[in-house]
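Analysis of the macromolecular model
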There are 2 protein chains.
Amino acid sequence: MPVDKHYSLIIIGTGSGNSIPTPEFDDQSIAIIEEGRFGGTCLNVGCIPTKMYVHAADIAYETREGGALGVHGHVDRVDWPSIVERVFHKRIDQIAEGGEAYRRGPETPNIDVYDQHARFIGPKTIETGQGEERRVISGDTIIIAAGSRPQVLPVIAESGVTYHTSEDIMRLPEQPSSLIIMGGGYIALEFAHVFDALGTKVTIVNRSEQLLRTVDQDVSQRINEIIAQRYDMRTGVEVSAARDVEDGVELTLDDGSTVRAEALLVATGRIPNGDLLGAEAAGIDLHEDGRRIVVDDYGRTSADGVWALGDVSSPYLLKHVANAEMRAVRHNVLHPEDLRPMPHTHVPAAIFTHPQIATVGLTEDEAREKGLDITVKIQNYGDVAYGWAMEDTTGFVKLIADRSTGKLLGAHLIGPQASTLIQQLITLMVFDIDVRDAATSQYWIHPALPEVIENALLGLEF
Amino acid sequence: MPVDKHYSLIIIGTGSGNSIPTPEFDDQSIAIIEEGRFGGTCLNVGCIPTKMYVHAADIAYETREGGALGVHGHVDRVDWPSIVERVFHKRIDQIAEGGEAYRRGPETPNIDVYDQHARFIGPKTIETGQGEERRVISGDTIIIAAGSRPQVLPVIAESGVTYHTSEDIMRLPEQPSSLIIMGGGYIALEFAHVFDALGTKVTIVNRSEQLLRTVDQDVSQRINEIIAQRYDMRTGVEVSAARDVEDGVELTLDDGSTVRAEALLVATGRIPNGDLLGAEAAGIDLHEDGRRIVVDDYGRTSADGVWALGDVSSPYLLKHVANAEMRAVRHNVLHPEDLRPMPHTHVPAAIFTHPQIATVGLTEDEAREKGLDITVKIQNYGDVAYGWAMEDTTGFVKLIADRSTGKLLGAHLIGPQASTLIQQLITLMVFDIDVRDAATSQYWIHPALPEVIENALLGLEF
């Protein structure tokens, strides 16, 4: 097919990809291809809206639990449609639409927007489209930031059962009275908290007995203890059949039992979109899974002039990593003589379930496998004053430090504000601050919650 | 009077003072004098129990405000007696009693406890008592950690009106239906939030128009805007008379108006207890106020061998400062050849009202008065993703940095988790991390609340 237009730069995907064109690119002709909503997964169906639902869920949960603190309240009514309206119509959709209008508008005259699927048909050559019109475009430089999508197992995908994923569950017009969640990772756990707290009966179905298996084992064990008290857990089972029934869906499990609910959320992980791009035609190598694009330390694919970043190529499916990779790739495209490596050091992550979980660095098992001489401290929230105020009984901070250097190797938190508290520990790791100095050379406001970090640091034995 | 017993060390006060005797003192004979409850102000009537009430109040407040998030709840009932029971009888009092029993028990055979007021009657000589028995004791070294007490203005103290202070208000057997709070500092603001959130009608009476005048002016202005919407404010007025009436108390204000409520809380500041110790008899100088003991950089009073720390002598009435001063004095008493200065650098503080306030370093006005070349950024919570989740409209982080060095000079926060978020900024100041590096050299979990700090750092212009 003939090439309709040639560009200096083509960007596939508008999650982190949309942040590539800084003023330094103003003299380049650029094509941006986005077949979905501008802003990508994080903005439209991921990190941002989920946290808006989680915060509402936190309020509902704490309202119900307040009796233990002498504050007897209850939730009269959850206005689900108003949450959908507030999160999406009033906030997210406006940002997405504004982002697209900006790229299509007069402020970025050097940028064309294509809104159809992108598929390589040859080296540096892509078939896409604008509305009904098919277009073939080529570029000197191509940056693939095409993201990932929910993984749906064949037993569900091929069954014809009505199911939802994280990409549509938040936009349901009505809140389901009951929900089966398939999966055992962070997406499953965040939505389990959201729906349960807002009043939906939640059943979790998961293949392995233990959920959230990849975090530090003490954290994993604790969250599994907590969720076992809260949800209807069907673990260590596989789904053998799924079908729609009168009032919802029914799953048949391989132990012969069945579970029913009004709705089904499939949260069995996400997969990179590298398999959807015709990578082979462009000489772009994929990993063995056939889905994740291979990149080198600097974001270069196996095809000359073609780069990739974010979920489609990264070992991390995290928005803050995608953004950092985007900055590295942007720099590298502009300054090929001064390549910066992809930033994969001290990468933290948080899970906004209840209680929150946050983690950075090595787990205890990983540190021991490396043969490091480590010191480990587990500090309970319940043993510091602010934890008393919260009457917290399940939260802790686990720190792993190198006994010979005093450096923090890993931090794993479960408890209130874990996603905030961990930042202090990221700072210690990045700026190479000895944990002994960190504990004693700075003030810790009494009796604020960071005292749980202070005491964890003080508890590391050297 | 003859000396009944001589000690190596006498400690007056069991707040931070009770932490002086580490094992290094095991071969010293020690007297500890405590006329009140073991543990001092913070444990018994200050930081710790107030935060326990504040957290319950936070839950009640958020329950009522949840409608804005689509979670319509309400507080059916606040069980005040259960809070008193939980905070004091089940927690605080047991710690205080355990602390005293330990000092009186066989584990610390070198320590005697005196439970009557301490008053110097000569150099290094103190009159005190044990129960009914008066005792005169002397010591080679004396450490005064006698704390502070609520200030009660004569118009109240001499009126005969029934009033409470922070020292007894939390132990009221019943929650008052209405409360007048006199004062405009952090104690007044914390209790205003506590009582209002738990359902008491709160009226604030304050001499100046502006409350919380000593914090950064932007923060002060914001909290004044917020409280003006929430409480019945009577500011710019003095109390001219006070009396008990049938259902409570009545204050007459100098504008001729009166206010009535079921109870009165006097929260007009705290004053050091240096005036109650017969300091003159021991040659211990006091500041001009006649109440605060003069100490040098190392905690030494004007009397040889007599040291002081904490509220009775410190420029800061903060528990974390008292504890740090205690560690310095303990070291200095043990190692007179290697004196450590009192730790008064980068001292943070938090106010657990609603929203929370936290502060460290110079205010903008202070930095400008010093003639520093500064860069200032005010970052709203409402402009980062987690602030969207919270639908926050009033919180911000204000940073003040030195334009020539990139060092953080001051940080002033008002908003959710302010008392947690500020720790990251304390770390930057203490470990001398350039704000530009702090913003860009570490990961900030997306979309966690610390992004408000990240964006504040990024917003500083150089």
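Residues numbered from 1 in each chain as written. Chains lettered and ligands numbered in written order. Predicted model: local features only at pLDDT ≥ 70, side-chain atom pairs only at ≥ 80, totals over all residues. Heavy atoms only, no water.

Chain A is annotated in an unreviewed UniProt entry as Mycothione reductase from Corynebacterium uropygiale. Per UniProt, chain A has the following entry under Sequence similarities (unreviewed entry): "Belongs to the class-I pyridine nucleotide-disulfide oxidoreductase family." (UniProt positions renumbered as here; feature names shortened; annotations may be inferred.)

**Re the sheet that holds strand β13 (residues 248–253) of chain B**
Residues and elements named next belong to chain B. Sheet architecture is open: three strands sit in the order β12-β13-β14, paired in antiparallel fashion. At either end of the open sheet lies a strand with only one pairing partner, and these are β12 (239–245) and β14 (258–261). If you compare each strand with its neighbour and ignore which way they point, the axes differ by 20° on average. Note: β12 against β13, six bridges, orientation antiparallel. By the bridge assignment for β13, Val245 is matched with Gly248. (Pairing = 2+ DSSP bridges. Helix = DSSP H or I, 4+ residues; strand = E, 2+ residues; numbered from the N terminus. Axes fitted to C-alpha atoms, helices over the stretch in contact; angles between N-to-C directions.)

**Focus: the UniProt feature "active site" (unreviewed entry) in chain A**
The positions that UniProt labels "active site" (unreviewed entry) are, in the present scheme, His446 of chain A. Residue placement: His446 of chain A occurs in the loop between α11 (435–440) and α12 (451–459). Setting aside chain neighbours within four positions, we find His446 of chain A in contact with Ala385 and Glu451 of chain A together with Cys42, Cys47, Ile48, Lys319 and His320 of chain B. (Contact = heavy atoms within 4.5 Å.)

**Here's the deal with the relation of the copies chain B and chain A**
By a simple turn and slide, chain B fits onto chain A: the slide is 0.0 Å along the axis, the RMSD is 0.0 Å, and the turn is 180°. What the superposition gives is, in effect, a two-fold axis relating one chain to the other. Here 100% of the contact residues of chain B are again contact residues in chain A; the copies associate through an equivalent surface. (Least-squares fit on C-alpha atoms with pLDDT ≥ 70 in both.)

**Observations concerning the interface of chain B and chain A**
How large an interface is tends to be reported as the accessible area lost when its parts come together. Each side of the interface is counted separately: chain B has 76 residues, and chain A has 77 residues. With both sides pooled, the region where chain B packs onto chain A buries about 6400 Å², and carbon together with sulfur makes up 65% of that total. Three residues stand out in chain B for area buried against chain A, namely Trp388, Tyr443 and Ile445 of chain B, and they jointly supply 14% of the buried area on that side. At the boundary of chain B and chain A, one finds four salt bridges. In this structure, the connection of chain B to chain A is made through 28 residue pairs in polar contact (both at pLDDT 80 or more). Looking at the side of chain B that touches chain A, the elements with two or more residues in it are α2 (47–65), β3 (71–78), α3 (80–104), α8 (319–334), β18 (348–351), α10 (385–390), α11 (418–430) and α12 (435–440) of chain B. The element best represented in the side of chain B that touches chain A is α2 of chain B, accounting for eleven residues. Residue composition of the side of chain B that touches chain A, grouped by class: 43 nonpolar, 22 polar and eleven charged. Here seven bridges tie strand β3 (residues 71–78) of chain A to β3 of chain B, and the two strands are oriented antiparallel to one another. (Buried area = accessible area lost by both parts, 1.4 Å probe. Salt bridge = Lys/Arg side-chain N within 4 Å of Asp/Glu carboxyl O. Polar contact = N/O pair within 3.5 Å; in protein donor to acceptor, adjacent residues only side chain to side chain. Nonpolar A, V, L, I, M, F, W, Y, C, P; charged D, E, K, R; others polar.)

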